[in-house]
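# Analysis of the macromolecular model
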Amino acid sequence: MHPSGLLWVAAALRLLLAAHVAAAFEPISLGIAIGAASALTGYLSYTDLYCRFAECCREEQPLNASALKLNLEEKLFGQHLATEVILKALTGFRNNRNPKKPLTLSLHGWAGTGKNFVSQIAAENLHPKGLKSGFVHLFVSTLHFPHEQHIKLYQDQLQRWIRGNVSACASSVFIFDEMDKLHPGVIDAIKPFLDYYEQIDGVSYRKAIFIFLSNAGGDLITKTALDFWRAGRKREDIQLKDLEPVLSVGVFNNKHSGLWHSGLIDRNLIDYFIPFLPLEYSHVKMCVRAEMKARGSAIDEDVVTRVAEEMTFFPKDEKIYSDKGCKTVQSRLDFH
């Protein structure tokens with residue numbers, strides 16, 4: 001290419017990258033930059049140039065269901081319901097070219113059962129950079145919305161942030177962690193974005209995905225799992241219909257769920273309430289093996305057993321479920 005041509009390419013690239021930084025706040029600047037780049041060079045396009053140097057929002061790219069299924073099967077243990085629902089929900093939604101509303105998932109269960117892990121797997125399959133992607137946004141209640149007296153401010157900020165980022169990438173993913181610590185009312189600020197609207201102020205939210213992570217409902221899930229165990233039934237016999245109605249009502253009436261009397265539930269805007277079952281001794285051992293494999297270590301079954309036996313289990317008499325799930329597996333493995 002002639003030197004002058006290279007200068008035009010460089011100038012166009014600077015325009016595109018600058019627009020990318022501002023896209024979440026001034027979405028129109030991206031379109032202007034792309035148009036300017038094309039005018040400068042006569043042949044540059046969003047696909048040809050921008051996507052070579054920066055992350056692209058691939059709105060029409062279908063989800064690789066086989067890759068997602070493999071990730072869930074290899075990395076998530078003891079969660080047959082979550083594996084099934086997440087796979088079907090994400091695949092069906094992303095392969096639908098004209099969804100009627102955003103996909104909204106609410107993941108429930110005690111700490112260490114895999115909720116955060118699943119959100120990470122989902123993010124990586126939806127956008128290659130996963131949680132590091134500019135199109136995946138993680139909110140932590142205790143970090144981003146700590147003060148009850150600032151609920152109105154948080155609501156306004158949340159609406160502006162979501163509006164700006166969906167304007168920049170229609171298939172944006174928003175993950176809300178520690179929903180059980182979120183002050184009641186904050187999450188209702190996003191209710192219009194989750195509803196069946198074609199557009200709101202010129203922005204369509206129909207291709208976005210919202211994922212809520214919460215410990216709320218963990219007691220209800222454990223009770224159902226324990227009832228099945230005491231009746232001599234396998235945990236794999238538990239079906240979504242056994243838990244989803246109980247979860248939605250329980251969370252709606254729980255003042256510490258972040259969804260207490262929320263319009264999101266009242267208006268049926270949450271597509272799936274996904275239960276994460278408490279983990280048994282065998283599942284903890286699976287977590288230990290997976291962590292050893294991830295570290296590049298040989299699987300030593302003696303170490304696997306020792307780490308699993310260091311965990312504490314409940315109920316007091318039966319000692320069936322790990323009270324921390326697999327949450328402390330990594331730190332405990334460091335001592336072996």
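What you see is a predicted model; the values in this text were computed from it and never measured. (Residues numbered from 1 in each chain as written. Predicted model: local features only at pLDDT ≥ 70, side-chain atom pairs only at ≥ 80, totals over all residues. Heavy atoms only, no water.)

Bringing the packing of helix H4 (residues 65–75) against helix H6 (residues 115–126) into the picture now. At a closest axis distance of 10 Å, the pairing of H4 and H6 adopts a crossing angle of 155°. On the basis of the axis angle, H4 is roughly antiparallel to H6. Here the hand of the crossing between H4 and H6 comes out right-handed. Every residue of H6 that contacts H4 at Ala-67, Leu-68, Asn-71, Leu-72 and Lys-75 is listed here: Phe-117, Val-118, Ile-121 and Asn-125. Here the residues of the contact of H4 with H6 are counted per class, giving 6 nonpolar, 2 polar and 1 charged. (Axes fitted to C-alpha atoms, helices over the stretch in contact; angles between N-to-C directions. Helix = DSSP H or I, 4+ residues; strand = E, 2+ residues; numbered from the N terminus. Parallel < 35°, antiparallel > 145°, perpendicular 65-115°, else oblique. Left-handed = near helix turned anticlockwise from the far one by under 90°. Contact = heavy atoms within 4.5 Å. Nonpolar A, V, L, I, M, F, W, Y, C, P; charged D, E, K, R; others polar.)

This part is about the state of the cysteines. Under the defined criterion, the tally for this structure stands at 2 disulfides. Through a disulfide, Cys-57 is tied to Cys-169; the S-S separation comes to 2.0 Å. Residues Cys-57 and Cys-169 are joined by a disulfide whose S-S torsion is about 70°; by sign, that bridge is right-handed. Highlighted residues: Cys-57 in the loop between helix H3 (46–53) and H4 and Cys-169 in the loop between helix H8 (151–168) and strand S3 (173–177), separated in sequence by 112 residues. Neither Cys-57 nor Cys-169 differs from the other in exposure class; each is buried. Between the sulfur atoms of Cys-287 and its disulfide mate Cys-326 the distance is 2.0 Å. (Disulfide = S-S within 2.5 Å. Buried < 20%, exposed > 50% of the residue type's maximum accessible area, 1.4 Å probe, protein only.)

Helix H5 (residues 80–94) packs onto H4 with a crossing angle of 160° between their chain directions and a minimal axis gap of 10 Å. The orientation of H4 relative to H5 falls into the category roughly antiparallel. Where H4 crosses over H5, the two elements pack in a sense that is right-handed. Contact with H4, carried on its side by Ala-65, Leu-68, Lys-69 and Leu-72, involves Thr-83, Ile-86, Leu-87, Leu-90 and Thr-91 of H5 and no other residues of that element. Grouping the amino acids of the contact of H4 with H5 by side-chain chemistry returns 6 nonpolar, 2 polar and 1 charged.

Its place among the elements puts Asn-71 in helix H4. A polar contact is formed between the side chain of Asn-71 and the side chain of Asn-125, at a distance of 3.1 Å. Not counting residues up to four positions away in its chain, the partners in contact with Asn-71 are Leu-76, Ile-121 and Asn-125. (Polar contact = N/O pair within 3.5 Å; in protein donor to acceptor, adjacent residues only side chain to side chain.)

The UniProt record annotates "binding site: ATP" (unreviewed entry) at Gly-109, Trp-110, Ala-111, Gly-112, Thr-113, Gly-114, Lys-115 and Asn-116. Within the fold, Trp-110 resides in the loop between strand S1 (103–108) and H6. Since its relative accessible area comes to 35%, Trp-110 is described here as partly exposed. Among residues more than four places away in sequence, those in contact with Trp-110 are Lys-115, Asn-215, Gly-218, Asp-219 and Thr-222. Relative to the helices and strands, Ala-111 is located in the loop between S1 and H6. With near-sequence residues (within four places) excluded, Ala-111 lies in contact with Asn-215, Lys-324, Gly-325 and Lys-327. (UniProt positions renumbered as here; feature names shortened; annotations may be inferred.)

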